[in-house]
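Chain by chain, the residues:
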Amino acid sequence: MTEAQIGAQRASGIPRAAKIRAIIAGAVLSLAIVGVGYRAWLLQIGDAEHYRTLAERQHEIRFAIPAPRGDILDANRQPLAISADVDSIWASPREVRDVTATAERLAQLLPGDAAAYEAKLGSSHRFVWLARHVAPDVAAAVRAAKLPGIDIAREPRRWYPARSLAGPVLGGADVDGRGIDGVEKALDVLLAGKGGEATALRDARGHAMFEDGSRAEPGATVQLTLDRTIEAIAEDAIADAVVSHQARSGVAVVLDVATSQVLALASYPTFDPNTAGAGSSARDRAVTDAYEAGSVMKVFSVAIALDAGAVTADTPIDVTTPPYRFIHDVEHDTVLTVGGVVKRSSNVGAAKIALRLGRLPLYAGLQRFGFGTRTGIELPGEQSGMLRSGKTWREIELATIAYGYGLTVTPLQAAAGLAAIGNGGVYRSPRIVARVTDASGATLYTPAPEPHRVIAAETAAVMKTILASVFDKGRDGGTAKDLDVPGFRCGGKTGTAHKYDPVTHQYANDRYLSSFAGLAPIDAPRIAVVVMVDEPSGGDYYGGKVAGPVFGVIASQVLRYLGVPGQSGLQASGLQAGSASHPEAH
Amino acid sequence: VQLYRLLARRSSDAASVRAIAATLVAVACLAVALGVLRVEHEHEVLQLGYRIAHEQARLDALHEVRRRLDLERAALTAPDRIRRLATELGMTSVAPDRIRIVRRSPLASAEPARASGLTEQR
């Protein structure tokens, strides 16, 4: 120690031992601080990723957010299909303490047997559904049972508030919200929306705190052209006809003449899409079934012949000499005008008109009316019908196609063709979707079918006069002479077709398709209606007696609903469907 | 050792030591204040997170209520139910020739507006 150091020590008054202790203490403290700092560095920076992962696993929860399925509305924005949450029971098998006892208790509370529940609870999965979409009282009972590992989740379920109304059109969605038929299937991509995923923090009490994520995009809203009131009128009318005539099935189509928008597509039997699996035997027959429609097709063959100039409405046709022996009429007429051929539904006359017209013009005309191709309506399973190329027709086929044999059409195709006549000869493809909008109201889809002229306006006007004559009364009246549409003057055509038997390869003598196609009111048509009743077996089978009255009920009620003023002086005391005295019309 | 030497200065050097100590204390206070502010901020974020989650749940619940009400209204106004009720009440369809469609005249529609002084000058 130097003199200076000894002097300094004396001046500070700190002994040497204390200094050493202070240095040691300082060193220890410094080391401790460095140690703590190092540890803090490790926690915050060095091993940060590892601990962050652990924390996220403990506190973060990730969950999928299901997208609410879009609503389906009718033309007046009344809901036809809507989603609302219901309870579903699920289990976390790892948390179930006594599998057997829990399964037995569940079997008492839920539908299903204990063995099935035991199998589910005994699985190694972290999550299993036990019962989906249960009633509120069932969910309350399960909640009250407080079974470990058993929980209740809310999930959307599809509801159809009008029950079976338009059931085959809407189709239905399965338990997972996927469209399985009808509009639900055809527009599933738009209706389903886009599910989101969210990440939330969970505190010690398990409360979730929203942190981040993508919100679910709700499905689009689909507004149909279908009017639920008109649909109800059509469904009631066709159901009554099928039941009272003991038929296999029936279908009624109502189109807006000006736009060809579908106002009603009624099929019977129908089903309630609220009930899972109920629709197995029912379908939307207006688009899925194609028929040999019989005499209603005379409307089109005659219209095409008139438009081509092959005949005029007053051209006389000798109907006593059929071009082929098997072609015959029910009525015993001798000479009919072309208008009279439709009015009296003469097969001989229709065949002769077609023979004058020729294959290719008739084929081209039928194509213009939309036969042989799908209409493109926004429904699944649409049939195109069968219309072979005119080049391959033999003369006999040309004759039979003129009165509705040798080609098949769907009721929707027939209605669209008739609407074209009512619309002054301009055809529009029928559509059932008015528009599709997203959650913000932006339009995603609006159908805009291109109209095209199928016959001249003058021809259409002549055809309307001819169709009105089908309702003429009296001895020489039309085939719908016993049909009254209370308050309105209508036009139409009856049809009674023998059904082809695929087993015997012959037309059955005792199985018929009864049909009626009409425009109402005929002076300024608002609606086109096609009714088909398949295999009536209650005694009556003529179109004028079976399908005609259905047209009458639909036309009268729908026109009143649409605010079309009725005409005084026309029969208004109800439909005289059962009093047809001369039902032999085809 | 340097720290010891620093603190072991003679009384004549005391002023500079106090300044350094005061600076250190001020820095420590500032650090504590910043820490408190950060904790407060984190707490506020947490609270807002809870509120967002709560409001989101409330919004979802209200949407669900609305959907249920829409569903209920649609079920109650279903055509077959209305028809059944109407039939029970003895109502029937009116014959078409007994329906008179009354269209509102422009004069009648202008009356309420005129009465309220809202008639547009043309």
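Everything discussed here concerns the structure shown above.
Residues numbered from 1 in each chain as written. Chains lettered and ligands numbered in written order. Predicted model: local features only at pLDDT ≥ 70, side-chain atom pairs only at ≥ 80, totals over all residues. Heavy atoms only, no water.

A word on the interface of chain A and chain B
Now for step 1: With 38 residues of chain A at the contact, the number on the chain B side is 27 residues.
Now for step 2: Inspection of the chain A/chain B interface yields 1 salt bridge.
Now for step 3: Here D236(A) makes a salt bridge to R83(B), at a shortest N to O gap of 2.6 Å.
Now for step 4: Taken together, the links from chain A to chain B amount to 6 residue pairs in polar contact (both at pLDDT 80 or more). (Contact = heavy atoms within 4.5 Å. Salt bridge = Lys/Arg side-chain N within 4 Å of Asp/Glu carboxyl O. Polar contact = N/O pair within 3.5 Å; in protein donor to acceptor, adjacent residues only side chain to side chain.)

Some words on the environment of I304(A)
Residue and element names in this part refer to chain A.
Now for step 1: Within the secondary structure, I304 sits in helix 12 (residues 298-308).
Now for step 2: The class of I304 is buried, set by a relative accessible area of 2%.
Now for step 3: Along the backbone, I304 and Q108 are 196 residues apart, and their C-alpha atoms lie at a distance of 69 Å.
Now for step 4: Every residue in contact with I304, bar those within four places of it in the chain, is listed here: L357, P361, L362, G365, L366 and F369. (Helix = DSSP H or I, 4+ residues; strand = E, 2+ residues; numbered from the N terminus. Buried < 20%, exposed > 50% of the residue type's maximum accessible area, 1.4 Å probe, protein only.)

Side note on the packing of helix 17 (residues 411-422) of chain A against helix 18 (residues 457-469) of chain A
Residue and element names in this part refer to chain A.
Now for step 1: Running from amino to carboxyl end, helix 17 crosses helix 18 at an angle of 110 degrees, the nearest separation of the two axes being 8 Å. Between helix 17 and helix 18, the interaxial angle falls into the category roughly perpendicular. Contacts from L418, I421 and G422 of helix 17 reach helix 18 at A460, M463, K464 and L467.
Now for step 2: In the contact of helix 17 with helix 18, the residues fall into 5 nonpolar, 1 polar and 1 charged. (Axes fitted to C-alpha atoms, helices over the stretch in contact; angles between N-to-C directions. Parallel < 35°, antiparallel > 145°, perpendicular 65-115°, else oblique. Nonpolar A, V, L, I, M, F, W, Y, C, P; charged D, E, K, R; others polar.)

Quick look at helix 14 (residues 347-357) of chain A
Residues and elements named next belong to chain A.
Now for step 1: Of all the 11 residues making up helix 14, 9 are buried; the element is thus mostly covered by neighbouring parts of the structure.
Now for step 2: Here helix 14 has its buried residues at N347, V348, G349, A350, A351, K352, I353, A354 and L357.
Now for step 3: Those residues of helix 14 hidden inside the fold are in contact with helix 12, strand 13 (316-318), helix 13 (338-343), helix 15 (359-368) and helix 16 (395-402).
Now for step 4: Where helix 14 begins, one side-chain oxygen reaches toward the backbone nitrogen of V348, 3.5 Å away; that side chain belongs to S346.
Now for step 5: The first or second residue beyond helix 14 is G358, which carries a positive phi of 100 degrees.

So, the pattern of salt bridges
Residues and elements named next belong to chain A.
Now for step 1: Tallied over the full model, the rule gives 33 salt bridges over all chains.
Now for step 2: E378 serves as the salt-bridge partner of R431, at 3.8 Å between the closest nitrogen and oxygen. Of this pair, R431 sits in the loop between strand 15 (426-427) and strand 16 (433-437) while E378 sits in the loop between helix 15 and helix 16; the two residues are 53 residues apart in sequence, bridging distant segments of the chain.
Now for step 3: We classify R431 as buried; its relative accessible area is 15%.
Now for step 4: For E378, a relative accessible area of 8% translates into the label buried.
Now for step 5: The residue K473 makes a salt bridge to D484 at a minimum N-O spacing of 2.9 Å.

The analysis is restricted to geometry; functional conclusions fall outside its scope.
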